[in-house]
Structure formats: structure tokens, C-alpha cells
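Here is what each chain is made of, one letter per residue.
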Amino acid sequence: MNVSITVNTTQLTEVDLKQLSQLGVDYIDFGSGSSFSGVPEQGYPDLDALIRLRKKLQTWGLDINRVTLPNISNSYMHQQEGSEREVENSINAIKVFGEAGIKIVRQRFEGDTFPGVTKEYKALQRGGSIGRGESLYFNKTPQPTRTLEEHEAWWEAFSKAYQQLVLTSLDHDVKIAMHPSDAPLPGTPFGTLGYHRIIEQFPNKNVGYVYCTGTRAEAGGTPLVIDEINHYGRKNRIFLVHFRNVKGSLPTAGAFEEALLDDGDMNMFKILLELRKVGYDGCLNPDHVPLMEGDSPDLDRNWKNSNIGWTASSMGFAYSIGYIKAMLAALTEFEGK
């Protein structure tokens, strides 16, 4: 297993690359589909610029692990006229990424989460670090969720697009991976049952998951995470692991809080052993890192209390990278290899 880090820009400076190399990061995951050169102009990445970017990373001992396709918006999910272009852009992006030798892509679909049902809050963690918290109890006027008919219409639009993306990924030897709905509220498309449905509906080796231990722990804690790792892992459908920890879960506490790797409810070495047991050999990505004193975090309006991407001199990311690398070293010693 290796360590990857999410960045949300392709404009990585020499300072970024030096620090990532010095910390021992192996791969980069690009979290924003709109960040690649060519996307604003033509809707999908420019191949020559992508190859230059990859070579730049390789000079520092890094490479690209996973990329994100241009987003599928509500226009397409509601089947509005002209929105088919969004799927065409993602198809073209898969072709470009495949030609550049990049093996894992992720597609985002708007509407896979239910914002407004929970109330997000600033969760104070160890020593005053800040994590993302979400609670079902603090929001006294929650937004309505979908009816069964609305859910089926959303899934029909998803399936129509995903079928095309899957066929293109097969043609270009690219794996297509879906992240679970976060927060995993009941009825979200990629909650527990919908997440299973992806590989049931598209049963081929190139369809799988960005498996997020934190998101799935939000849905059911350690037992659920271990069960799912065994279920998906023995089918070789886990392509990338977002390796993060949380406190609480929606079923047990009606809330959850993101935490540092050694400060949440899960024993992350136990999770690592389960991943090894099922033969997982991909990347571990310390995703959604709490904000620590001195950080200049990469924030998003949807994750205003969570560090969602690498920035230079990030205390939280540096801590998490070191923690994962130490566990990987301990795993080697534990196995006697």
C-alpha cells in the first residue's frame, strides 16, 4: 500500500512538490474535475497539458493515482435539454486520462447528498483543533428528502450516464470509482444499499469504489466498515481508500465529528489489517483532516470545518501522512516480511 494526497488545483508550486516529496507521499489524487487545463475551454482536459503535469510530478518521485471527471450537474439529473453535453465531456475526459496512463477516475453526481437535513457545526477536538461535525438534532427546520418516485428518477438518470461512462472506461482500461454519499443519511443514493447497487448493476472489474472509512463509519461505526471492506475487498472493488476517522455515528448519536486518525472511534491499525486481509494494495488517502493551529486550510463552502485538500505546511496533513507511514512500517514488521 502507498500514500496519496488530494489536491484541488493543478497549479502545484515547487514548495508543494518539495514538501510532498519530503513527507514521503507516493501519489496525487486530483479532487476537482474543473482544475485541469482545457476543461474551462472545451469541457474536458487537454492531453498535452496533462502529460506535462504528470512529468512534473514524476520529477519529484510522485505520480497521479486518481483524477476527477467534470461534474454532472442537476441539469442532467433532471434531464434538461442540452445537458447530455455533460456526459459527453466526462466520456472525452476518460479517453484523455486513459491515453495519459491514468488508471482511476471518479465521477460526481449532484444530488447524491441531502444538504440541509443535518446541521453542520464546528467540532472542537484535541487541543482545540477543529473538525467537521454534523447533527440531526440542531437543525429544527430540515430540508425534505426525496420521495420514492423522485429517488427512482434520480437513479434512472444516474444509470443512463454511468452506463456510458463504464463502457468508455472499459475501452480505455480505466477504473471508474464512486465515493459514498457523505453524509450517509437514510435514502441518499450512495448510502448503504445504493452503494452496493453500483457494482450489482454494473458487474465488471472496472467498476468499484473510492471507499471512505470515515463516511461509512458515520453510517455505522467500526463493525460496518469492517463488514464492507470484507464484502467489497474480496470482490477486488476497492480502488482507493479515504483513510480517515470519526467520532460517533448517525444511528448511535444522531451526529458525528471528524477526528484525527488516532483520536476517533476506530482503531485505524485494525482497519489497515482488514484491508491487508482482503488483498488491498492501493493508496491510503488521509481525507478531511481537522484544522490545526498554524494551518492554511483548503476550505469549501460545503466543508467549511474540514481541510479537504493539501496545502503547503499543513500541520494536519503532515501529521496524518506520518501516522499512516508509521502504521505501514509496523504492518510490515507485524507480518514479518
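Quantities reported herein were computed from a predicted structural model and do not represent experimental measurements.

### Things to note about the overall build of the protein
Along the protein, the regular secondary structure elements total 11 helices and 12 strands. Taking 2.2 N^0.38 as the reference for a compact globule, 337 residues should give roughly 20 Å; the C-alpha atoms of the protein span a radius of gyration of 19 Å, in line with that estimate. Taking the principal axes of the C-alpha coordinates as reference, the protein spans close to 50 × 50 × 40 Å. For the protein, the proportion of its 337 residues judged to be buried stands at 56%. Counted over contacts in the protein with a minimum sequence separation of 6, partners at least 24 positions apart contribute 71%. Seen as two clouds, the 34 positive and the 42 negative side-chain charges of the protein have centres 3 Å apart.

### So, helix α8 (residues 213-233)
In this model, α8 (21 residues) spans only 13 Å end to end at C-alpha, well below the 30 Å of a helix rising 1.5 Å per residue. Along α8, the sharpest kink reaches roughly 120 degrees, centred on Gly-221 and followed within four residues by the proline Pro-223. When you tally the buried positions in α8, you get 15 out of 21 residues, the bulk of the element.

### Structural notes on empty space enclosed by the protein
This structure, assessed with the given rule, holds 1 cavity of 30 Å³ or more. Counted as a void, the largest cavity has a volume near 50 Å³. If you trace the largest cavity, you find it lined by Phe-243, Arg-244, Ala-259, Leu-260, Leu-261, Pro-286, Asp-287, His-288, Val-289, Pro-290 and Ser-320. Partitioned by chemical class, the residues of the lining of the largest cavity number 7 nonpolar, 2 polar and 2 charged.

### Quick notes on the nonpolar core
Counting residues in each nonpolar core, the largest one holds 78 residues, and the members touching the most others are Phe-30, Phe-109, Phe-158, Tyr-162, Ile-198, Phe-243 and Leu-284. Per-element accounting of this core gives the leading share, 8 residues, to helix α6 (residues 148-171). Discounting chain neighbours no more than four positions away, the residues touching Phe-30 are Val-7, Thr-9, Thr-10, Leu-12, Phe-36, Leu-53, Leu-57, Ile-64, Arg-66, Val-67 and Thr-68.

### Topic: the pattern of salt bridges
Overall, the coordinates contain 16 salt bridges when judged by the stated rule. With a closest N to O distance of 2.8 Å, Glu-134 and Arg-132 form a salt bridge. In terms of burial, Glu-134 and Arg-132 fall into one category: buried. A salt bridge links Glu-218 to Arg-132; the nearest nitrogen and oxygen atoms lie 3.9 Å apart.

Calculation rules
Residues numbered from 1 in each chain as written. Predicted model: local features only at pLDDT ≥ 70, side-chain atom pairs only at ≥ 80, totals over all residues. Heavy atoms only, no water. Helix = DSSP H or I, 4+ residues; strand = E, 2+ residues; numbered from the N terminus. Rg over C-alpha atoms; globule rule 2.2 N^0.38 Å. Buried < 20%, exposed > 50% of the residue type's maximum accessible area, 1.4 Å probe, protein only. Contact = heavy atoms within 4.5 Å. Lys, Arg positive; Asp, Glu negative; His and termini not counted. Charge placed at Lys NZ, Arg CZ, Asp CG, Glu CD. Expected span 1.5 Å × (residues − 1). Bend = angle between axes of the 7 residues up to and from the residue. 1 Å grid on protein atoms, 1.4 Å probe; cavity = no way out; pocket = protein on both sides within 12 Å on 5 of 7 lines; lining within 4 Å. Points joined across faces, edges and corners; volume = space filled by probe spheres on them. Nonpolar A, V, L, I, M, F, W, Y, C, P; charged D, E, K, R; others polar. Core = buried A, V, L, I, M, F, W, Y, C linked by side-chain atoms within 4.5 Å. Salt bridge = Lys/Arg side-chain N within 4 Å of Asp/Glu carboxyl O.

Keep in mind these values describe shape, not function.
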